[in-house]
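Working through the structure, step by step
Here is what each chain is made of, one letter per residue.
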Amino acid sequence: AQSVTQLDSQVPVFEEAPVELRCNYSSSVSVYLFWYVQYPNQGLQLLLKYLSGSTLVKGINGFEAEFNKSQTSFHLRKPSVHISDTAEYFCAVISNQGGKLIFGQGTELSVKP
Amino acid sequence: GAGVSQSPRYKVAKRGQDVALRCDPISGHVSLFWYQQALGQGPEFLTYFQNEAQLDKSGLPSDRFFAERPEGSVSTLKIQRTQQEDSAVYLCASSPILGTEAFFGQGTRLTVV
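Now for a quick tour of the structure.

Criteria and cut-off values
Residues numbered from 1 in each chain as written. Chains lettered and ligands numbered in written order. Predicted model: local features only at pLDDT ≥ 70, side-chain atom pairs only at ≥ 80, totals over all residues. Heavy atoms only, no water. Helix = DSSP H or I, 4+ residues; strand = E, 2+ residues; numbered from the N terminus. Contact = heavy atoms within 4.5 Å. Disulfide = S-S within 2.5 Å. Buried area = accessible area lost by both parts, 1.4 Å probe. Salt bridge = Lys/Arg side-chain N within 4 Å of Asp/Glu carboxyl O. Polar contact = N/O pair within 3.5 Å; in protein donor to acceptor, adjacent residues only side chain to side chain. Nonpolar A, V, L, I, M, F, W, Y, C, P; charged D, E, K, R; others polar. Buried < 20%, exposed > 50% of the residue type's maximum accessible area, 1.4 Å probe, protein only.

As for the environment of Ser73(A)
- In this fold, Ser73(A) is placed in strand 9 (residues 73-78).
- Other than its neighbours up to four places away in sequence, Ser73(A) contacts Cys23(A), Asn24(A), Tyr25(A), Glu66(A), Phe67(A) and Asn68(A).

As for the state of the cysteines
Residue and element names in this part refer to chain A.
- Per the stated rule, a full pass over the model turns up two disulfides over all chains.
- The disulfide partner of cysteine 23 is cysteine 91, and the S-S distance across this bridge is 2.0 Å. Its S-S torsion of about -65° marks the bond between cysteine 23 and cysteine 91 as left-handed, since a negative value means left-handed. Of the two residues, cysteine 23 sits in strand 4 (residues 23-26) while cysteine 91 sits in strand 10 (residues 87-95), which places them 68 residues apart along the sequence.

With respect to the interface of chain B and chain A
- Opposite the 23 residues of chain B that make contact, chain A presents 22 residues.
- Note on chain B versus chain A: buried area summed over both sides is about 1700 Å², and carbon and sulfur give 52% of it.
- Counting the contacts that link chain B with chain A gives zero salt bridges.
- The interface formed by chain B and chain A includes five residue pairs in polar contact (both at pLDDT 80 or more).
- Of all the secondary structure elements, the ones that give two or more residues to the side of chain B that touches chain A are strand 4 (31-37) and strand 5 (44-50) of chain B.
- Residues of the side of chain B that touches chain A, tallied by class, amount to nine nonpolar, nine polar and five charged.

Structural notes on the pattern of salt bridges
Residue and element names in this part refer to chain B.
- Within the structure shown, the criterion is met by eight salt bridges over all chains.
- Residues arginine 22 and aspartate 24 are paired through a salt bridge, measuring 2.8 Å at the closest nitrogen-oxygen approach.
- The class for arginine 22 is partly exposed, based on a relative accessible area of 38%.
- Residue classification places aspartate 24 among the partly exposed positions, given a relative accessible area of 24%.
- For aspartate 86, the salt bridge is made with arginine 64, and the minimal N-O distance between the two is 2.8 Å.

The analysis is restricted to geometry; functional conclusions fall outside its scope.
As structure tokens, then:
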């Protein structure tokens, strides 16, 4: 079975500052990793995914994440945030053998002017 | 269709009432997932289908919850004798093949009064 831990429930940051949202996972098998964003009263939208290959993956809206197998982490980063990045961010994992997509509890990113 | 469509968007049910939530996945998508998202929480897995086969229903919280996907496309999540603790947003997602992203609908917000 897999599990996901998002280490910060809330991250306040000023506009144009860098941000990192932390995600650690646990699994006994190889996994695929995802970051999703959820705006108020909306469904989830994929930001980026790691399936294999390069451990640094780039996504939409200037976000990127780095897969670190030894530390079982998949932290999300953006060098300069905008007000419009204010949303809830979810890290998720699925076994590469299939099955259910497991989500973390979410990190609320709040960008202040 | 253009995306995953869920209906209704909002549902208010009296305690003890039965409800049915519908999900229209993206055409041709093999996998379909149902999640329950309580306020301020991450999505919790309920069940998933591969075509018409329900491969995992381990997340269904009680025998009052039932899901079906009889023809491998549209799915219905049914909740019998609703309770207040069933109040949540119910998210549906579909994906074309294993390992690719899951596309989410906007969810159905169920309020049990």
